[in-house]
Amino acid sequence: MTGRADRPLVILISGTGSNMAAIVRAAQAQRWQARYGARVSLVLSNRPDAAGLVFARAQGIDTAVVRHQDFASREDFDAALAERIDAHRPALVVLAGFMRILTPGFVQRYAGRLVNIHPSLLPAFPGLDTHRRAIEAGCTVAGATVHQVTTELDHGPILAQAVVPVLPGDTPQALAQRVLSQEHRLYPRAIAGWLEAQVAAQPAA
Ligand code: GRF
């Protein structure tokens, strides 16, 4: 569709990376390179033992580790992250289970091209422990949200949501699993939608 446009994606993880893997698989299966000029160019983790790094390497994707413990301040850590990210000139930076709070400077640097997935129906339940909180509140539905990242944690314009039922007797683990399986459909779909809009706005960038 686009010919020469290049829209690298950089994905930040901290752990399992199952959302990252879902995005990589969708990019391959849906031919994002041909359709949008988009490929996953770098998977970056703040933890060297993040399981997702193994998957990314096996896919031939560049990986990098920037350990937050190696930096004296959040600003220094974020500057090191940005240096690694910018080397790939990303069209979109994707937070996928990246468990660090980012500084306002970092967020502003990638304004409009920084997205996150959060395991609740925002604006309900920002922060941690979302599934237990949803069950305890008596919610009958739960879900996940893909949103643009702003300086306020787990806020920002919503790009897409998926809803699942909360079932009688649900444990936080059972609900988390039900939500996560929807995340794996939702996140690739939201990113493809974002790329589609980029192509429409700038067909031969
Ligand atoms: C997901 O539930 C995501 O919504 C949250 O962290 C979890 C990451 O899981 N932000 P994974 O590393 O993608 O498997």
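Residues numbered from 1 in each chain as written. Predicted model: local features only at pLDDT ≥ 70, side-chain atom pairs only at ≥ 80, totals over all residues. Heavy atoms only, no water.

**Focus on the environment of Arg57**
Tracing the backbone shows Arg57 in helix α3 (residues 51-58). Along the backbone, Arg57 and Thr150 are 93 residues apart, and their C-alpha atoms lie at a distance of 30 Å. (Helix = DSSP H or I, 4+ residues; strand = E, 2+ residues; numbered from the N terminus.)

**Structural notes on the packing of aromatic side chains**
The geometry of an aromatic ring pair is captured by two quantities: the separation of the ring centres and the angle between the planes. In total, this model carries 3 aromatic pairs according to the counting rule given. Judged by centre distance (6.0 Å) and plane angle (55°), the rings of Phe71 and Phe77 are tilted. The class for Phe77 is buried, based on a relative accessible area of 3%. Ring plane angle 55° and centroid distance 4.9 Å describe the contact between Phe106 and Tyr110, whose orientation is recorded as tilted. Note on accessibility: Phe106 and Tyr110 belong to one class, buried. (Phe/Tyr/Trp six-rings, centres within 6.5 Å; stacked < 30°, edge-to-face > 60°. Buried < 20%, exposed > 50% of the residue type's maximum accessible area, 1.4 Å probe, protein only.)

**Looking at the pairing of strand β6 (residues 141-148)**
Counting buried positions along β6 yields 7 of 8 residues, so the element is predominantly enclosed. Pairing of strand β5 (residues 114-118) with β6, which is carried by 4 bridges, proceeds in the antiparallel orientation. Paired with His118 across the two strands is Thr145, which belongs to β6. Two strands pair when backbone bridges link them, and β6 and strand β7 (residues 158-165) are joined in this way by 7 bridges, in the antiparallel orientation. Looking across to β7, one finds that Gly143 is bridged to Val163. (Pairing = 2+ DSSP bridges.)

**Looking at the pattern of salt bridges**
Applying the stated criterion across every chain, the model contains 7 salt bridges. Among the ionic pairs, Arg39 bridges to Asp6, the shortest N-O distance being 3.6 Å. Of this pair, Arg39 sits in strand β2 (residues 38-45) while Asp6 sits in the segment before β1 (7-13), and the two are 33 residues apart along the sequence. Overall, Arg39 belongs to the partly exposed group, its relative accessible area being 33%. Residue Asp6 is classed as partly exposed on the basis of its relative accessible area, which comes to 48%. In this structure, the salt-bridge partner of Asp129 is Arg132, at a minimum N-O distance of 2.7 Å. Among the residues examined, Arg132 registers a relative accessible area of 32% and is labelled partly exposed. Overlapping salt bridges, with partners in common, bring together Asp129, Arg132 and Glu136 in one network. (Salt bridge = Lys/Arg side-chain N within 4 Å of Asp/Glu carboxyl O.)

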